[in-house]
Amino acid sequence: MPPKKKSNVMAQRKAEAIQQQKKQKTRRIIWFSTIGVVLLGLILVLVFQTRDKADAFDYNNLPRLGAADAKVKIVDFSDLKCPSCKVFNESVKPHIYDDYIAQGKVALYYVHFPFLYEDSTTAALAAQAVYRQNPDATWKYIDLIFKNQGEVKKVWATTDFLVKLAGEADASLDLEQLRKDIDNQTYAKEVQAQYDLGDKLGIGGTPTIFMNGKEIGEAETEDYSKLQPLIEAELKK
């Protein structure tokens, strides 16, 4: 009898060991599966974020400087009252134009992100109205606004001022229609949509630029010598 009892105990222990091994195996499977799902999720998030930024811009409906089929597309989120945007427009953009835009290699696009003061929006409405009248006049108009930019904390982007500048930018513009479009906020939804896009992309200030869907650092918007290598890298891809 004793040997039989001992045999039963050993069999029970063996069964328990096997059961324990099964449980450990199951836990390992669950653990690795969980890690796999998490990693897959992170990969998908990164892929979709990249894709969203690359596909975020409706290039056909933005003011463009340069060839539509340019290999490098730079999108400039800007506030016409922003002093730093004036620096980019007057100190960096001319170099981009001479070295790349004029050669058909780069196209520069403008997106309104009016966030500083109430007349930031007024200026954006005016520029959008000019774009809808005559896309070819837009960049000259934007250049004139930056050239005549007033102090940040003063309301200077008034309807009268903006209409006057539009007449200087392009004599073919219908100034009366422009005045109506500014006062009636004809293109407010379009300006708001551009602002909302910048907000969705996490923009915290201006200028913020994207190159072929990738956000570029603040230093590069102030220093062409830092931006140029990034353009060259994109052209070599």
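Residues numbered from 1 in each chain as written. Predicted model: local features only at pLDDT ≥ 70, side-chain atom pairs only at ≥ 80, totals over all residues. Heavy atoms only, no water.

Labelled according to an unreviewed UniProt entry, the protein chain appears under the name Protein-disulfide isomerase, originating from Paenibacillus turicensis. Reading the Sequence similarities (unreviewed entry) entry of the UniProt record for the protein chain gives the comment "Belongs to the thioredoxin family. DsbA subfamily." (UniProt positions renumbered as here; feature names shortened; annotations may be inferred.)

Novice: Would you mind showing me how to read the overall build of the protein chain here?
Specialist: Counting its secondary structure elements, the protein chain contains nine helices and five strands. Its helices and strands taken in sequence order, the protein chain reads α-β-β-α-β-α-α-α-α-α-β-β-α-α from the N to the C terminus. The buried share of the protein chain, taken over its 237 residues, is 38%. In the protein chain, the share of contacts with a sequence separation of at least 24, taken over all contacts with a separation of at least 6, comes to 77%. Of the roughly 13800 Å² of accessible surface on the protein chain, a fraction of 54% belongs to carbon and sulfur atoms. (Helix = DSSP H or I, 4+ residues; strand = E, 2+ residues; numbered from the N terminus. Buried < 20%, exposed > 50% of the residue type's maximum accessible area, 1.4 Å probe, protein only. Contact = heavy atoms within 4.5 Å. Areas by Shrake-Rupley, 256 points an atom, 1.4 Å probe, with all protein chains shown as cover.)

Novice: Hey, could you run me through the side chain of Lys81 in this one?
Specialist: One can find Lys81 in the loop between strand 2 (72-78) and helix 2 (83-101). A distance of 2.9 Å separates polar atoms of two side chains, one belonging to Lys81 and the other to Asp119. (Polar contact = N/O pair within 3.5 Å; in protein donor to acceptor, adjacent residues only side chain to side chain.)

Novice: Just to check I follow, could you spell out the state of the cysteines for this structure?
Specialist: Defined simply, a disulfide is a covalent bond joining two cysteines at their sulfur atoms. Inspection of every chain in the model, using the stated rule, returns zero disulfides. Sulfur of Cys85: no disulfide; nearest cysteine sulfur belongs to Cys82 and is 3.2 Å away. (Disulfide = S-S within 2.5 Å.)

Novice: Would you mind showing me how to read the nonpolar core here?
Specialist: The nonpolar side chains of a soluble globular protein tend to be buried, and buried together. By size, the foremost hydrophobic cluster in this structure holds 44 residues, and its most contacted members are Ile74, Ile96 and Tyr141. Apart from residues no more than four positions distant in its own chain, Tyr141 is found in contact with Ala126, Ala127, Val130, Leu162, Leu165, Ala166 and Ala169. (Core = buried A, V, L, I, M, F, W, Y, C linked by side-chain atoms within 4.5 Å.)

Novice: Can you walk me through the sheet that holds strand 1 (residues 64-65) in this structure?
Specialist: Paired through their backbone hydrogen bonds, the strands of a sheet run either parallel or antiparallel. Reading across the sheet, the five strands line up as 1-3-2-4-5 and stay open at both edges, with mixed pairing between neighbours. Two strands close off the open sheet at either side, each with one partner strand: strand 1 and strand 5 (214-215). Across two bridges, strand 1 lies against strand 3 (residues 106-112) in antiparallel orientation. Bridge pairing in strand 3 links Arg64 to Tyr109. Packed onto the sheet, helix 4 (residues 138-147) meets strand 1, strand 2 and strand 3 and runs at close to 60° relative to strand 3. (Pairing = 2+ DSSP bridges. Axes fitted to C-alpha atoms, helices over the stretch in contact; angles between N-to-C directions.)

Novice: Would you take a moment to explain unusual backbone geometry for this structure?
Specialist: The phi torsion of most residues other than glycine is negative, and most of the peptide bonds are trans. Omega for the bond connecting Thr206 with Pro207 falls within 30 degrees of zero, at -5°, which places this linkage in the cis form. Mapped onto the fold, Pro207 is located in the loop between helix 7 (188-200) and strand 4 (208-211). Look at Gln185: it is not a glycine, yet its phi comes out positive at around 55°. Gln185 sits in the partly exposed class, given a relative accessible area of 46%.

Novice: It is not clear to me how the pairing of strand 4 should be interpreted in this structure. Could you clarify?
Specialist: If a strand is regular, its side chains alternate between the two faces of the sheet. Side chains of strand 4 alternate between two faces, with Thr208 and Phe210 and Ile209 and Met211 buried alike. Examined bridge by bridge, strand 2 and strand 4 share four bridges and lie antiparallel to one another. Looking at strand 4, one finds that Asp76 is bridged to Ile209. Pairing of strand 4 with strand 5 involves two bridges; the strand directions are antiparallel. Each bridged residue has a counterpart across the sheet, and for Met211 the counterpart in strand 5 is Lys214. In this antiparallel pair of consecutive strands, strand 4 and strand 5, the connection spans two residues, and Asn212 shows a positive phi of 50°.

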